[in-house]
Amino acid sequence: MMATAPEFDVVVVGGSIAGCTVARLYGRRGARVAVVERRPDVDAYKTVCTHYIQPSATPTIERLGLAGAIEARGAVRNSIDFWSPYGGWIRHRQDTLHGYNVTRQTLDPLLRRMAAETPGVELLMGWTATGVLGNGRPAGIAAEDTRRTRRELGARLVVGADGRDSRVARWTCTPGRVRPHNRFFYWAYWRGVPSEGERSRMWFMEPDCAYTFPNEDGLCVVLVGPHRDRLPEFRSDLEGAYLAYLAALPDAPDLGAATRESRLIGKLDIPNVSRPAARPGVAFVGDAAMASDPLWGVGCGWALQSAEWLVDETAVALTEGGDLDAALESYRRAHRRRLGPHHFVISDIASGRRANPLERALYRGAVDDDDVFYTFEAIGSRRRSPATLFAPRTLWQLAHAA
C-alpha cells in the first residue's frame, strides 16, 4: 500500500497508437495520465505496419477527433477487392462502411500530439520504463531518461501498450499464448501503382498471399506473403523473387510505370500472441493484449478499439473511486468476447492450411450474391464475429448461393 495518493490515475507504457488513444480518452474523462515513451522524438513512427485500418475502428477515430486530421493529410477512405481460388474477385460494394489507409509517418505524430494536448495528460518522451512499482499489485512504473535520471510514477492503474513482446506483461507475470505463423512478409512503398478509385486489393491464394494498399501522397504498400516453404527462394534472390511473385498474381498489379520509393522491408517471424487483457491493477491494449497475423490489417484498428473499451469500462472507477478491479475484469471479458473469435480464426488460417468447406462456400457466394457478400464484408472488416457463419440464416444463404 502506498503511503500517499499516487501522482497519476494511469501510467501508460508506450506512446504509439494504443497508448496515445488510452491517454487522450482517459484525459477527456478527467483522469491524470502519464505516457512513458522511450523514443525522444514526438514525430517518431512505427515502420513495420500495413497501414490498413479496418472499418470497425472508424467510430473510434471519429470519437478521438482524428478523422478530420488524417483526411486533411490525405488518408484514403479504404475499400478492398479480395481474390480467392474459389470464384475469383469479390468486388467491394459502395454502400459499406470505410476504414482508412494512412501511413504511420502521418498517423503516429498526429495522434501523439493530440494526446499531449489533452488536459490531464503528461507525455514523457525519451523515458524508458524499467519496472513496475508495488508489492504484488502494480502501483505505478519506474522510468529512466537518457541521462539515467530515475523517476517513480505512482498510479492506480498501469497500462501496457508496449507491443506483442510487452515488458509490462513480463514484469507482471502475464504470459501470452503463442500460436505459430507459417508465412513471412516482404513489402515496399511504390508510387504510381494504378488503382481503381484508390481501392486496395488482396490475393488469398492458399497458402500464399499478397496485397496492394494505396495510402496518402500517392504511396502504395505492395506486399507479398509467401508460405515459409518458399523462404530459401527469397533468401537466394530477394529482389528477383519479390518481383516474380508479384508478376505471377492473377490480374497482377501493373508496376511498369511505377517507381519504388523504399527498400524491401521484411518480417520473417510474426507469431500470433494473446494474453488476458487485464488483471488487478494492470491492463493491456493493442498488440500487448492480442497480436494477430498482420495479413488481415487488424493491428491498428484493434489498438484503437481496445483502448476505447478499456477507458469506457474503467474511467468511472478511476476518477470516482469505484471498484477498479471489477471494472478491469469487465474489460477483460469484453475484449475476449469481441476479439477472441477473430484471433482464433486468424491464427488458424496463419498456419497456411487450405480453406474449409464453409469458408469456400463463403468465398464463392460473396462473388455474386449480395447477402453473402455483406456477411463476408462484415466479418472481414471485423464488425461482426466469425461465429456469424454458424447462424441458421447465414448457413441458408451460403447453401442458397451455392
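Going by the structure above, here's the rest.
Parameters and conventions
- Residues numbered from 1 in each chain as written.
- Predicted model: local features only at pLDDT ≥ 70, side-chain atom pairs only at ≥ 80, totals over all residues.
- Heavy atoms only, no water.
- Buried < 20%, exposed > 50% of the residue type's maximum accessible area, 1.4 Å probe, protein only.
- Helix = DSSP H or I, 4+ residues; strand = E, 2+ residues; numbered from the N terminus.
- Arc of directions from axis to C-beta.
- Contact = heavy atoms within 4.5 Å.
- Core = buried A, V, L, I, M, F, W, Y, C linked by side-chain atoms within 4.5 Å.
- Polar contact = N/O pair within 3.5 Å; in protein donor to acceptor, adjacent residues only side chain to side chain.

Caption draft 1: Molecular detail of helix H12 (residues 392–401). All of the buried residues along H12 are Thr394, Gln397 and Leu398. Taken end-on, H12 shows its buried residues confined to a sector of 95°, consistent with a single buried face. Turned more than 90 degrees off the buried face of H12, the exposed positions are Pro392, Arg393, Trp396, Ala399 and His400. In this structure, the buried residues of H12 make contact with helix H10 (357–368) and helix H11 (370–380).

Caption draft 2: The arrangement of the nonpolar core in detail. In terms of nonpolar packing, the biggest core is built from 105 residues, with Tyr26, Val33, Leu157, Trp296 and Leu310 touching the most fellow members. Take this core: its biggest share by element is 11 residues, from helix H8 (residues 299–320). Leave out the neighbours within four places in its chain, and Leu310 touches Val22, Tyr26, Val159, Ala283, Val285, Leu328 and Tyr331. Ala188, Val224, Phe234 and Tyr242 belong to the second-largest nonpolar core, a separate cluster that totals 22 residues.

Caption draft 3: Up close: the environment of Ser347. With respect to the helices and strands, Ser347 occurs in helix H9 (residues 324–349). Residue class for Ser347 comes out buried when judged on its relative accessible area of 7%. Placed 214 residues apart in sequence, Ser347 and Leu133 show a C-alpha to C-alpha distance of 34 Å. Excluding its chain neighbours within four sequence positions, the residues that come into contact with Ser347 are Arg179, Pro180 and Asn272. A polar side-chain atom of Ser347 sits 2.8 Å from the main-chain carbonyl oxygen of His343.

This is a description of form; function is not addressed.
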